[in-house]
Amino acid sequence: QVQLVESGGGLVQAGGSLRLSCAASGRTSGSRAVGWFRQAPGKEREFVAAINWSAGSKNYADSVKGRATISRDNVKNTVYLQMNSLEPEDPAIYFCAAPRPFAPDLGVAGNYVYWGQGTQVTVSS
C-alpha cells in the first residue's frame, strides 16, 4: 500500500507559478514512479508529468512542456511539480499517483493504482 498526499495548490494569477508537492509513504519501494494528473470539471483526467524514482527519467504532456518541471527528493519521498506561466487552461484538481508494477505507459491513468486526494489549482485572469 502506498499513501500519497498532495499540497501546494491555490489561487494564482495567469502567468504566475505554483509548486505542487506529493508526499509518498508506505510501501514506496514497490512503486517505480510517480505521475501527476489533473482533472477539470466536466473533463477527463489527463496526464501532466511523470518521474522515475531511481533513474529520474521524466516525461511530460505536450500541453505543459516548457512550463512544467517534475522533480523528486528520494530522501523525503516527495515529488514536486513546478508549474510556470499558468494559463486559463490549467485550473483543475491536480492528483499524484503511483503506477502498478511494470506498467508500460506512465501517461495512462488506468495504469495507476494509488492516488492522492488531489489539490485544487485555480488561475485568475
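Conventions and cut-offs
- Residues numbered from 1 in each chain as written.
- Predicted model: local features only at pLDDT ≥ 70, side-chain atom pairs only at ≥ 80, totals over all residues.
- Heavy atoms only, no water.
- Salt bridge = Lys/Arg side-chain N within 4 Å of Asp/Glu carboxyl O.
- Buried < 20%, exposed > 50% of the residue type's maximum accessible area, 1.4 Å probe, protein only.
- Disulfide = S-S within 2.5 Å.
- Helix = DSSP H or I, 4+ residues; strand = E, 2+ residues; numbered from the N terminus.

Throughout the structure, instances matching the rule amount to five salt bridges. For K65, the salt bridge identified is with D62, shortest N-O distance 3.2 Å. Accessibility classification places K65 together with D62 in one group, the exposed group. A single network of salt bridges, built from pairs that share partners, joins R38, E46, R67, E87 and D90.

To continue, consider the state of the cysteines. Counted under the stated rule, the structure contains one disulfide. Each disulfide pairs two cysteine sulfurs, and for C22 the partner residue is C96, the sulfurs being separated by 2.1 Å. On the sign convention where negative is left-handed, the bridge of C22 and C96, at about 75 degrees about the S-S bond, is right-handed. One end of the pair, C22, is in strand 3 (residues 18-26); the other, C96, is in strand 9 (residues 92-99), and 74 residues separate them in sequence. Judged on exposure class, the residue C22 and its partner C96 are both buried.

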